[in-house]
Amino acid sequence: MSSVTEVPDINNPDLPDVVETARRSGVWDLLRRALTRFRYADGFSYARAVAFQLVLTLIPGAMFVVGLAAWMGDGRLQSILRAMAESLAPGPAGQIVLRVFEQGTDAVSTGNVAAVVGGALAMLTSGVTAMAQLQRGSSRIYGIQEDRPTLQRYGLATLLTLSAGVLFTVAFVVIALGSGITGSFGEGNPQSAWVTLRWPLGIALLPAAFALLYKVAPNRKQPSPLALGLGSVIAIIAWFVVSALLSFYLNASTAFGETYGPLAGVIGLMFWAQLSAIATFYGLAVNAQIEAEHAGVEEVRTSAQRSDEDSMETADPQYPFDPEALRKRLEFPR
């Protein structure tokens, strides 16, 4: 249950308004209040829900893509996918990822296309559920308790999965796993072009994905994508840090895999999904707090939440809490 003040929907700020509000409020104070908004809106719980569905999207999705490449008979594409799988989790940590690769290829070679189709359906279902949870968490961060009608919410979640979800996936592949693709091109112009375009392509995809997500997800009228830019930039920076740490972790996981074995790759994927979801919601909380303070509402928590906490802090001194007396009352008779 969200206990944050609702962001007034009276005058959507533009980019100059956002800059002026951030300057007047102080960037660090604004970021601190945004973190408070994220916490009291139960952002960590929604981030865990999105991360769980994200992991359920990526694993069957990988099997579907591998099976599709095997069905097309494209040897170059299969080579690229295998190189990516090996770079995702080298050493013992990569056994699960490589097993997914082998299962997807075997399913097509034995004519078990239903397994590949099932992977596609599982990927789509989990992706849509993740986007539906993201809509709900986004609304709570803005202090909105009412969700969209069910059909509208899941219809919009499907569109977000096929648009923003695809952009996020491609950006992750290009930035976090792109080094594994380089060797599959061989020597020459294709490899040089990929090395040159990899980072600009990934950096260009992320702002578009976050702008679309922040514009559409909350159940309210949102400002322009430029006015949502500060939260997007913060989320992108956090996403880069998370992905870079994940890449370093997975490349060093040969020794780590001796402890966790084949589960190390899945643990790394879950860790990345959790932190990525937190970064996404926190960027949205920054945008929400900017808009609230632009409308003159600096207080983050609702008055009911503050009164509950005050009543706990100012309990009646005539009835002090005695833990020892409580323990004796709860003891069973001998």
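The following refers to the structure shown.

Calculation rules
- Residues numbered from 1 in each chain as written.
- Predicted model: local features only at pLDDT ≥ 70, side-chain atom pairs only at ≥ 80, totals over all residues.
- Heavy atoms only, no water.
- 1 Å grid on protein atoms, 1.4 Å probe; cavity = no way out; pocket = protein on both sides within 12 Å on 5 of 7 lines; lining within 4 Å.
- Points joined across faces, edges and corners; volume = space filled by probe spheres on them.
- Helix = DSSP H or I, 4+ residues; strand = E, 2+ residues; numbered from the N terminus.
- Phe/Tyr/Trp six-rings, centres within 6.5 Å; stacked < 30°, edge-to-face > 60°.
- Buried < 20%, exposed > 50% of the residue type's maximum accessible area, 1.4 Å probe, protein only.
- Contact = heavy atoms within 4.5 Å.

**What about empty space enclosed by the protein?**
Thought 1: A full pass over the atoms with the stated rule returns two cavities of 30 Å³ or more.
Thought 2: By volume, the largest cavity amounts to about 40 Å³.
Thought 3: Lining the largest cavity are P13, V18, P223, A227, L228, N287, I290 and E291.
Thought 4: Top element by residues in the lining of the largest cavity is helix α12 (residues 263–294). It accounts for three residues.

**Here we look at the packing of aromatic side chains**
Thought 1: In the structure shown here, the tally under the stated rule is five aromatic pairs.
Thought 2: Between F210 and Y214, the ring centres sit 5.7 Å apart and the planes meet at 55°, which makes this aromatic pair tilted. With F210 and Y214 both in helix α9 (residues 189–216) and four residues apart, the pair spans about one turn of that helix. Pair check on accessibility: F210 and Y214 agree, each one buried.
Thought 3: Measuring from ring centre to ring centre gives 6.2 Å for W239 and F240, while their planes differ by 80°; the resulting arrangement is edge-to-face.
Thought 4: Among the aromatic residues, those joined into a cluster by ring pairs are F168, F210 and Y214.

**Considering unusual backbone geometry**
Thought 1: One non-glycine residue with positive phi stands out, namely D42, at about 65°.
Thought 2: Take D42: it is sitting in the loop between α2 (27–40) and α3 (43–72).

**Considerations on the environment of F168**
Thought 1: By the secondary structure assignment, F168 is in helix α7 (residues 150–176).
Thought 2: Taking the C-alpha atoms as reference, F168 lies 9.8 Å from P207; in sequence the two are 39 residues apart.
Thought 3: Not counting residues within four places of it along the chain, the set of residues in contact with F168 comprises L206, A209, F210 and L213.

**Some thoughts on the environment of S224**
Thought 1: Structurally, S224 can be placed in the loop between α9 and α10 (229–251).
Thought 2: Relative accessible area serves as the criterion here: at 33%, S224 is assigned to the partly exposed category.
Thought 3: Once the C-alpha coordinates of S224 and Y214 are considered, the two residues, 10 residues apart in sequence, prove to be 9.7 Å apart.

These figures capture arrangement, not role.
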